[in-house]
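# Observations on the model geometry
Residue strings, one per chain:
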Amino acid sequence: AVVSTQSTGALSEHQRTELLPALAVLHHTKSTRSGANGHFQYVISGEGEERTEVGVAVKDGEFSVSLGESDPVTVTPTGALFEPLQKFILGDGRRVTLQQLEFNGVTHSIRYRCCKKELTVLTPLQQHFMDVMPEKPIIDTSNLILSPMPGSLSVISVSEGDEVLEGTEVAVVVAMKMNNSLKAPKSGKIKKIYAKVGDVVDGDQKIMEFH
């Protein structure tokens, strides 16, 4: 699996050797729900930090974690799996507490040493696809009126060239027998209308454009 971190700054070496082993065990226990013996590979990365290979070995309910080429350290969970505060004891005696804020099966939102961090865990195959997948371009839609959902365009209240004020209703889309009013997000002039009354439109379909 692969763990990505987001925080306000890079972890110190001391924090890194606390958080990463505890996180790896936390994710492993929550995602697998299994105490099966085995060795599991993780890669941990974050903003301003290099990716770190992490090995998690499980034997008879005990965890041993290694970061990169470092010697393994035992990690012992001391609390119940679904408690908000997750506590661990490392083999060198350090105690680590993570407050689990949210977990959706992929992303952990935790608080560690008073800092909130977002950590995403992927399998190596998922990470590979993420690495090779082209980034989706960010499209500026601030000058567009888009249909909020699939439906029928029942009303167009303006014409090309009209000046409208922010909040003015410019169109209505009927979906599931309900009228959805489309309002101007800002004041401006209608540059182009791309649909006509009676058209069946898709969600996020372009209806009209502002200057």
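Residues numbered from 1 in each chain as written. Predicted model: local features only at pLDDT ≥ 70, side-chain atom pairs only at ≥ 80, totals over all residues. Heavy atoms only, no water.

### Description of the pattern of salt bridges
- If you walk through the whole model with that rule in mind, you get seven salt bridges.
- The salt bridge involving Asp92 is made with Arg94; its shortest N-O contact spans 3.0 Å.
- The partly exposed category is assigned to Asp92, whose relative accessible area is 47%.
- Across the pair Lys189 and Glu163 runs a salt bridge whose closest N-O atoms are separated by 3.9 Å. In this pair, Lys189 sits in strand β15 (residues 188–193) while Glu163 sits in strand β12 (residues 163–164), placing the two residues 26 residues apart along the sequence.
- Note on Lys189: relative accessible area 33%, which makes it partly exposed.
- Look at Glu163 and you get exposed, because its relative accessible area is 57%. (Salt bridge = Lys/Arg side-chain N within 4 Å of Asp/Glu carboxyl O. Buried < 20%, exposed > 50% of the residue type's maximum accessible area, 1.4 Å probe, protein only. Helix = DSSP H or I, 4+ residues; strand = E, 2+ residues; numbered from the N terminus.)

### Some thoughts on the side chain of Glu209
- Of note, Glu209 is situated in strand β17 (residues 206–210).
- Here Glu209 is in contact with Asn143, Leu144, Lys189, Ile190, Lys191, Lys192 and Tyr194, once residues within four sequence places are set aside. (Contact = heavy atoms within 4.5 Å.)

### A closer look at the packing of aromatic side chains
- As enumerated under the stated definition, the model contains zero aromatic pairs in all.
- Above the plane of the ring of Tyr194 lies Lys206, whose end atom (NZ or CZ) is 4.4 Å from the centre. (Phe/Tyr/Trp six-rings, centres within 6.5 Å; stacked < 30°, edge-to-face > 60°. Lys NZ or Arg CZ within 6 Å of the ring centre and 35° of its normal.)

### A short note on the sheet that holds β12
- Spatially, β10-β17-β15-β12 is the arrangement adopted by the four strands of the open sheet, whose pairing is antiparallel. Each having just a single partner strand, β10 (144–146) and β12 make up the two edges of the open sheet.
- Bridge count between β12 and β15: two bridges; the pairing is antiparallel. Of the residues in β15, the one forming a bridge with Val164 is Gly188. (Pairing = 2+ DSSP bridges.)

### What to know about unusual backbone geometry
- In the Ramachandran plot, Arg113 falls in the positive-phi region, its phi being about 50° despite a non-glycine side chain.
- As for its placement among the helices and strands, Arg113 is situated in the loop between β8 (107–112) and β9 (115–122).
- Residue Asp204 is not a glycine yet carries a positive backbone phi of 70°.
- Topologically, Asp204 is positioned in the loop between β16 (200–201) and β17.
- For Asp204, a relative accessible area of 58% puts it in the exposed group.

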